[in-house]
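Results of the structural survey
Each chain is listed here by its residues.
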Amino acid sequence: MSAEAADREAATSSRPCTPPQTCWFEFLLEESLLEKHLRKPCPDPAPVQLIVQFLEQASKPSVNEQNQVQPPPDNKRNRILKLLALKVAAHLKWDLDILEKSLSVPVLNMLLNELLCISKVPPGTKHVDMDLATLPPTTAMAILLYNRWAIRTIVQSSFPVKQAKPGPPQLSVMNQMQQEKELTENILKVLKEQASDSILVLEAALTLNKDLYVHTMRTLDLLAMEPGVVNGETESSPAGLKIKTEEMQCQVCYDLGTAYFQQGSANSAIYEKAREKFFRTKELISEIGSLSLHCTIDEKRLAGYCQACNVLVPSSDSTSQQLTPYSQVHICLRSGNYQEVIKIFIEDNLTFSLPVQFRQSVLRELFQKAQQGSEALDEICFKVCACNTVRDILEGRTISVQFNQLFLTPNKEKIDFLLEVCSRSINLEKASDSLKGNMAAFLKNVCLGLEDLQYVFMISSHELFITLLKDEEQKLLIDQMRKRCPRVNLCIKPVTSFYDIPASASVNIGQLEHQLILSVDPWRIRQILIELHGMTSERQFWTVSNKWEVPSVYSGVILGIKDSLTRDLVYILMAKGLHCSTVKDFSHAKQLFAACLELVTEFSPKLRQVMLNEMLLLDIHTHEAGTGQSGERPPSDLISRVRGYLEMRLPDIPLRQVIAEECVAFLLNWRENEYLTLQVPAFLLQSNPYVKLGQLLAATCKELPGPKESRRTAKDLWEVVVQICSVSSQHKRGSDGRVSLIKQRESTLGIMYRSELLSFIKKLREPLVLTIILSLFVKLHNVREDIVNDITAEHISIWPSSIPNLQSVDFEAVAITVKELVRYALAINPGNHSWLLIQADSYFAANQYSAALHYYLQAGAVCSDFFNKTVPPDVYTDQVIKRMIKCCSLLNCHTQVAILCQFLREIDYKTAFKSLQEQNSHDAMDSYYDYIWDVTILEYLTYLHHKRGETDKRQIAMHYPLTRDSA
């Protein structure tokens, strides 16, 4: 193939990202057309899309005559395409903010390398070895653009990126994304290796005292015509777009500052350099103005960087008054001046200037230091937590678990400090009614939570309490305290009586333990445990009740908590929550789980994830027992959480098998078949047997309407279930040397045990899924060789008709499973006629003819409005009627046999006549003659009674047809 032919083929080839006009770029090869296109108000394709498309076309590999892939040829067409991409970038004034936002790292790398090439930067030469002052201005600017982009890309790659939600998997798209990801990683690796050189190049640029020029569309055209015209010009040449020195230095300073700030996490001394660059950037912005065309700095982001640098590296000449509250807190924490931190927080309770998240992070840092052995910080933690709590209640938030934990054992010092914080955190003259109301409610709740009346009196006699609470509210509080402690009078000292003599410690402990067993209020449980631990430190109160059961996968983690009070509280809250969920008391279960989650969040990420998993399971049960029963679909948030749990790959997190079962069953019940068949990650199919089973069931449901030969998934599901129902055998050699075969137990080759499969199926409610599973087990039941009476089921034809190794299947277990599944299915929907027929056939196969006849009649009744309508022929088939006939015959209901023989497509006179000959019948005999309409059977019945001399019965048999004829 010639080069021109290759050019034509490449020019006419199409790619997925190009518009329908496959040769559109040929029309833009002329300067006038490209400029006209770019001058449109909303050009389509957009400029950045043009860059991508030009470079993609220019970098397409070629194929030689031997069908070997070759690098892109360096021909005229490809050179023009690269030039067009550069011209579009020049139209965008080489704004890296726009280019980085719209172009991928590989495309932008290719574009800037083309800029270096056209700007005559020698290939293979390190930029750090080149003197920017002696280079032509456009060449120097090209080098600066490339190295600025390199630094910005490294910094951007260090930020966390939210993963885009994957759509339906497409092989070509996934391959393309994987290739781009690998290419990006390779480019980043090279950029990071050259990061130090790029920083040196940019530092050198700050010493330049001349204006630079960047290529425009005109200069690029001149280069294309005469390569030496522009790049051979002197430093003072006006060719290109002029970039003032201050604008260039402003951009470079900002980029260097971000690079130094990113490196500061490994070396805190570098933060000083970052601070210097950022503050220099602010000075340059004030000089050139924020409306500069060629200098675009995000001033809000710059202000954030400056504020962070002030905190991390405060200026030596700054006074405490000039520092921001962030800086003051950071300095105090580094120097250990915690009292000053408390003072700042109290002052902030009046101004609300510090974000709540920042205050909480300070408290977490102090907690971590205290847990590492600094016991002196326990008091500081309480004081900081008290300050944060007062801030929370003033803004209308709830009291945190940390405050409740730290306030477990109140004393005079804690009460005094809490009252001091409350007094200094509210200006009664200027405070709004809502602030006063929040503070009053907080003080009331603290009083109600205190057991020692001395501490209650300290609060109720405080000036703030008296000011905020009206007389009526104070009296109401006293009445509440009296109800809680009937023999206590808060106004008058009580007279000691016999009944006021305190009981022994053992009696008190027993009473509290009794209350602990009965209570389901998290707050009350916590209070009881505090009192119990105050009485004795030798007991483990999580063992008080043998009904408190926590799964073994959790108990090891919980019992590993060092603090005995926290251990008891976590164990009891979880045990009570699980019990409430079991008895369907979901509201109390949610309260207990929420309290437990809040408690463990601060000290155990592992237990936090455990509680989130349990709350997911609780939400599933709540929906299924509530709105789910009426058919209302679950909220999308719940479905997303279920998917997130299944896809979770956190190591060392204890997981309960039942949660995975419930999640997969939940997706099947709400027909999330698309996710299970197409979107579920591949690793889940290997690691989670319930996901594998769910995928096979969902895929079988989807394929069911199709032709039989397309149901490959049904065969896979069949093989999985057969493997589960198989048994492993062991050969045993006796003393005489003979080998005997002994069946041992279920095979371990299946993806799960039969009991686990049965437990999973009993969580399903979707009729189609249950019908498929029932038909599979029915077919497996019918496969055995010694079967006499088959069981019929809907969709039974989709399964294979044989098993290679019949001896490996435990058919007794299969029969038991069929009975259990039918019983469960009918409990879900007693009116499903196909399930009723399976139940009837099961009893028929087990020779339980009375029960079989009962379910055959029930199946006909539910689909005919209790026989007010005709029973559909696909329900009462000839096989069903023949089995009903056999049931009646074996139950000695011979007249009913004759009646049923009339329903067959071809009336079975032989069986009818034989049954009528029987004289020992357990049914009503001649009372049923009204239901015989076949003349032949009636004639035989008349003859039979005449022969026996039964004149009365003969008259009855003759009366009914005569009555019908006259009618």
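Remember, predicted model here, so these are calculated numbers, not experimental data. Every residue gets a number counted from 1 within its own chain, in the order that chain's sequence is written. With the structure being a predicted model, the display of local features is reserved for residues of pLDDT at least 70 and the display and counting of side-chain atom pairs for 80 or more, all residues being used for whole-chain, interface and lining totals. No hydrogens and no water enter the side-chain calculation; it runs on all heavy atoms of the structure.

So, on to the overall build of the protein chain. The helix count covers DSSP runs of H or I at least four residues long, the strand count covers runs of E at least two residues long, and both are numbered beginning at the N terminus. Along the protein chain, the regular secondary structure elements total 46 helices and six strands. Counting every position in the protein chain, which comprises 967 residues, the buried fraction comes to 44%. Contacts between residues were defined by any pair of non-hydrogen atoms, one from each residue, lying within 4.5 Å. For the protein chain, contacts bridging at least 24 residues in sequence account for 65% of all contacts bridging at least 6. Calculation of accessible area relied on Shrake-Rupley with a 1.4 Å probe; when residues are assessed, cover is drawn exclusively from the protein chains displayed. Surface summary for the protein chain: the accessible area is close to 51500 Å², and the carbon and sulfur share equals 53%. The rule is simple: take the accessible area with a 1.4 Å probe, protein chains only, and divide by the maximum for that residue type; under 20% is buried, over 50% is exposed, in between is partly exposed.

On to helix α31 (residues 636-647), then. Compared with the 16 Å implied by 1.5 Å per residue over 12 residues, the 17 Å span of α31 between its first and last C-alpha is a close match. Turning to α31, its buried residues are L638, I639, V642, R643, Y645 and L646. Summarising the axial view, the buried residues of α31 lie within an arc of 160°, below the 170-degree limit, and thus occupy one face. Of the surrounding secondary structure, the elements contacted by the buried residues of α31 are α30 (605-625), α32 (657-669), α33 (673-679), α34 (682-687) and α35 (689-703). The span you would expect from a helix comes to 1.5 Å times its residue count less one. What the arc measures is the spread of directions leading from the helix axis to the C-beta atoms.

Turning our attention to the pattern of salt bridges. For this document, the term salt bridge refers to a Lys or Arg side-chain nitrogen within 4 Å of an Asp or Glu carboxyl oxygen. Taken as a whole and assessed by the stated rule, the structure comprises 29 salt bridges. A salt bridge links R152 to E100; the nearest nitrogen and oxygen atoms lie 2.9 Å apart. One end of the pair, R152, is in helix α7 (residues 137-157); the other, E100, is in helix α5 (residues 96-102), and 52 residues separate them in sequence. On the basis of relative accessible area, R152 is assigned to the buried category, the value being 13%. On the basis of relative accessibility, which here comes to 29%, the residue E100 falls in the partly exposed class.

In terms of nonpolar packing, the biggest core is built from 147 residues, with L529, I558, L717, F760 and F777 touching the most fellow members. Leaving out residues up to four positions away in the same chain, F777 has contacts with V721, C725, L757, I761, V814, T817, V818 and L821. Core analysis: the second largest hydrophobic core is formed by 67 residues, L55, L115, L202 and L208 among them. Take the buried Ala, Val, Leu, Ile, Met, Phe, Trp, Tyr and Cys residues and link them wherever side-chain atoms come within 4.5 Å; each set so joined is a nonpolar core.

Throughout, an axis means a line fitted to C-alpha atoms (over the contacting stretch in the case of helices), and angles, computed between N-to-C directions, take values from 0 to 180 degrees. At a minimum axis separation of 9 Å, helix α41 (residues 849-862) and helix α42 (residues 878-890) run at an interaxial angle of 140°. One finds that α41 runs oblique with respect to α42. The way α41 lies across α42 gives a crossing that is left-handed. The segment α41 lies against α42, with Y849, A852, L853, Y856 and L857 engaging V880, R883, M884, K886, C887, C888 and L890. In this classification, the charged set is Asp, Glu, Lys and Arg, the nonpolar set is Ala, Val, Leu, Ile, Met, Phe, Trp, Tyr, Cys and Pro, and all remaining amino acids, among them Gly, are polar. Looking at the contact of α41 with α42 residue by residue, the class counts come to 10 nonpolar, no polar and two charged. Throughout, the term roughly parallel applies to angles under 35 degrees, roughly antiparallel to angles over 145, roughly perpendicular to angles from 65 to 115, and oblique to all others. Helix crossings fall into two classes, left-handed where the near helix is turned counterclockwise from the far one by less than a right angle and right-handed where it is turned clockwise.

What follows concerns the packing of α32 against α35. Packing of α32 against α35 brings their axes to within 9 Å, and their N-to-C directions diverge by 15°. With respect to each other, α32 and α35 are oriented roughly parallel. Crossing geometry of α32 relative to α35 is assigned as right-handed. Within the contact between the two elements, α32 uses Q657, A660, E661, V664 and L668 and α35 uses Y690, V691, G694, L697 and A698. Here the contact of α32 with α35 is built from residues that sort into seven nonpolar, two polar and one charged.

Here a pair means two rings of Phe, Tyr or Trp (six-membered ring of Trp) with centres within 6.5 Å. Their orientation is stacked below 30 degrees between planes, edge-to-face above 60, and tilted elsewhere. Here the structure, examined in full by the defined rule, presents 19 aromatic pairs. Seen from their ring centres, W718 and W799 are 6.5 Å apart, and the 25° between their planes marks the pair as stacked. Of the two residues, W718 is situated in helix α36 (residues 712-724) and W799 in the loop between α38 (767-783) and α39 (811-828); the sequence distance between them amounts to 81 residues. Just as W718 is buried, W799 falls in that class too. Between F913 and Y940 the ring centres are 4.1 Å apart and the planes differ by 20°, which places this aromatic pair in the stacked class. Taken together, the residues span a long stretch of sequence, with F913 in helix α44 (residues 909-917) and Y940 in helix α45 (residues 935-948) at a distance of 27 residues.

Looking now at helix α21 (residues 433-449). Across its 17 residues, α21 extends 24 Å between first and last C-alpha, which sits within 8% of the 24 Å expected from 1.5 Å per residue. Those residues of α21 that fall on the buried side of the exposure criterion are M439, A440, F442, L443, V446 and C447. An end-on view of α21 places all buried positions within 155° of arc, on one side of the element.

What follows concerns unusual backbone geometry. One non-glycine residue, F352, lies in positive phi territory at about 60°. Its location among the elements puts F352 in the loop between α16 (338-351) and α17 (356-371). According to the relative accessible area criterion, F352 is partly exposed, its value standing at 30%.

With that out of the way, let us pick up the environment of N789. Structurally, N789 is set in the loop between α38 and α39. Classification of N789 as buried rests on a relative accessible area of 16%. With 53 residues separating them along the chain, N789 and S842 place their C-alpha atoms 8.9 Å apart.

Okay, the side chain of N613 next. The topology assignment puts N613 in helix α30. Since its relative accessible area comes to 3%, N613 is described here as buried. Dropping the residues within four chain positions of it, N613 is found in contact with Y645, M648, I653, L655 and I659.

Here the focus is the side chain of T713. Structurally, the position occupied by T713 is in helix α36. Those residues within four positions of T713 in sequence are excluded, and the remaining contacts are L696, A699, T700 and E703.

This paragraph deals with the environment of F279. Mapped onto the elements of the fold, F279 is located in helix α13 (residues 270-288). C-alpha separation for the pair F279 and Y305, spaced 26 residues apart in sequence, amounts to 9.5 Å. Sequence-distant contacts of F279, defined by excluding residues within four places in its chain, comprise C306 and N310.

Now for the confidence of the model for the protein chain. For the protein chain, per-residue confidence averages 78 on the pLDDT scale, and 80% of positions sit at 70 or higher. You can read pLDDT as the predictor saying how much it trusts each residue, on a scale of 0 to 100. Taken as a whole, residues 962-967 scores under 50 in pLDDT and shows four contacts with residues more than four places along the chain or in a different chain.

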